[in-house]
Structure formats: C-alpha cells, structure tokens
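Topology and contacts: notes
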Amino acid sequence: MEITNIWIAVGVIVAGLALIVIGADALTDGASAIAKRFKVSNLVIGLTVVAFGTSAPEMAVSLISAVKGSPDMAVGNVVGSNIFNTLLILGCTATIVPLGMTKGTVAKEIPLCLLCSLALFFCANDVFFTGATANVISRSDGLVLLCFFLIFLGYTFAIAHNGVADETVEVKNMKTWKSALFIVGGLAGLVFGGQIFVEGSAFVARAFGVGESVIALTLVAGGTSFPELATSVAAAIKKNPGMAIGNVVGSNIFNILFILGLSSSIFPLEVEGITMTDYSVMIGSCIMLYLFGILSGRLVIKRWEGVVMLVAFFAYMVYLLT
C-alpha cells in the first residue's frame, strides 16, 4: 500500500488498529468455540486462547515489524506496551476504584514480571554489558525467553488447578464452519491490519523526523494496548479490580516472554533506538507497582497512588516527545 501524505497515514493506522482488534476478537471467539467443541474446559480456554487473544495485537505488530526489518518497532512496541499497561492502565483504573491484589500476585506474579523485564534489559544491551558492536536480541536469547514462557504457562495451569485462579470465561456456541470462518477471518485481520498499521506508523515517523522507536513507544504501544485498557477499566467499573491487575501483569509477562521470544527466535532483532531510559522506566514501573502493593500492608493500590502512576507516565511521554 502506497502512503502519500500524513492524513492517509493516520487513516491507515486507525484502519489497521481496528482490523487488529476485530481480528483478535474473532480469532479468540472462533478458537474458543472449537476448543469447547473438543471438551476443553472454560478455565483452560481462558488461560490459553483468551490470554493469547488479548496480546494478539502486540504479537501481530512485533512479528510483522521483525519481518519487515524494523526491530526498533518490534521491541519498542513491547517495551512501550508494558509501560502503558502498568502506568497508564493501572493508574487510570486505580483512580476509578482502589485496586486490591492477592498475596500471590504481590509475592509471585509481579516479581516474575520484574524478572522478565530485567531479562529483556540484559538481552538487549550487549554493547553496555559485553562491549559488543551492536545490541542484538539473538535467536538463542529468544529461545531462552520461550523456555521461560513454557515454565510460566505451567505455573499458571498449576495455580489454576490448585484453586488459586477461579475465573472462567464465557465461550460462545458456534457451528464448526462458523468457528473456522472466524479463525481464518481473524488471522487475516491480524496479518493485514498489522501490515498497514506498521506501514502507517513508519510513515508518520519519517514525516515528523523521529525514530521508529519513539513512534513504537508511544503511538504503536498505545494502540496495541487499547484492548487491555478497555478490559481493565470495565473490570474496575464492575467492581472486579483484581481482574484488572491480573490482566495487566499477565499481559506484560506474555509480551516479553512469548512475543519477543518468538519474534527474535525467527528474526534476530538488532535494536538501536530503544534506550537505557526506556528499559529503566519499564523496570521502574514494575517496582512502583510492587511497592504500592505492599506500602500500606493491605495489598491495595490507592487512588493517590494511581495518580502518581499517571503523573510518571505523562512525564515519560513528555521526555520522549521533547
């Protein structure tokens, strides 16, 4: 697709994001219905198919960016999405209703999210840590991340079957042909939507004379994080704040271990535009979430803490765009 001006690029970005979100939703519904037909439990579907579906936008953009030779956009999308998820989404949600956490979330899931962020930090900064000539997330790095993802998936199933996670997901009943149509159409929406979204974002970056990394950390990350924002705010309004935190922390872990693990396993990612500051903000947001969770001893993120997270997020945006 040939993009000739900024307004066409904006239209392409909006259309691409819409296709990605609709495609992810259709793919999730179709795959869930097929799984249900084969007697797979709602819990397993929720932990696999639905979890995959909520992170499908990030996956589509990162994989296509890697294929098209835009590693900064692939990595920046994940780093930016994790920052958006933690600071903006949880910050917004906590200002609506204080967010309660379980002991398991504070003791295990958030530290695991922090560990994943540190792992990415070390994998993506070869120049600083080893004196290499370039920062590359290699195939071996990607395979290690995927191995950790399998461990995380096993842990998730273990706590679910031990009764720690008791949330289920409602699965739509569909005929087999309709499920197949949803899956094929959803995949097509993800692929085509991801392609034009990346092309439109790259055009905007060139038009404004900024790096693809800045566009990925702001526009692209914000767009692909929209499903998590909608889910978390809706959960808060429905007085189910625990789902909001679980949604965000799980998505952050999935983004690093699976999406970047898969992308770099297929195409080694030479990263240039993502800085130490960007990784530090991602890591710092995890630490902030953990500290706010334990600060009062009640495992609650209060409204004023949500405001602090929002202020930190907008300060980071100002830093990126100035």
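Up top you'll find the structure we're talking about.
Calculation notes
Residues numbered from 1 in each chain as written. Predicted model: local features only at pLDDT ≥ 70, side-chain atom pairs only at ≥ 80, totals over all residues. Heavy atoms only, no water. Salt bridge = Lys/Arg side-chain N within 4 Å of Asp/Glu carboxyl O. Helix = DSSP H or I, 4+ residues; strand = E, 2+ residues; numbered from the N terminus. Buried < 20%, exposed > 50% of the residue type's maximum accessible area, 1.4 Å probe, protein only. Axes fitted to C-alpha atoms, helices over the stretch in contact; angles between N-to-C directions. Parallel < 35°, antiparallel > 145°, perpendicular 65-115°, else oblique. Left-handed = near helix turned anticlockwise from the far one by under 90°. Contact = heavy atoms within 4.5 Å. Nonpolar A, V, L, I, M, F, W, Y, C, P; charged D, E, K, R; others polar. Patch = residues over 30% accessible without salt bridge, like charges linked within 9 Å, V, L, I, M, F, W, Y side chains within 5 Å. Areas by Shrake-Rupley, 256 points an atom, 1.4 Å probe, with all protein chains shown as cover.

A few words now on the pattern of salt bridges. What the rule picks out here adds up to one salt bridge. K68 is paired through a salt bridge with E199; the nearest N and O atoms lie 3.5 Å apart. Of this pair, K68 sits in the loop between α3 (56–67) and α4 (71–96) while E199 is found in helix α8 (residues 176–207), placing the two residues 131 residues apart along the sequence. The partly exposed category is assigned to K68, whose relative accessible area is 41%.

The next point concerns the packing of helix α9 (residues 212–224) against helix α13 (residues 303–321). At a closest axis distance of 10 Å, the pairing of α9 and α13 adopts a crossing angle of 150°. Compared by their axis directions, α9 and α13 come out roughly antiparallel. Taken as a pair, α9 and α13 cross one another with a handedness that is left-handed. In this structure, α9 uses V214, L217 and T218 to contact α13, whose residues at the interface are Y316, M317, L320 and L321. When grouped by side-chain class, the residues that make up the contact of α9 with α13 number six nonpolar, one polar and no charged.

Moving on: a nonpolar patch on the surface. A cluster of nonpolar residues, F122, F128, F129 and M276, forms a patch on the protein surface that exposes about 400 Å² of accessible area. By relative accessible area, which is 37% here, F129 ends up partly exposed.

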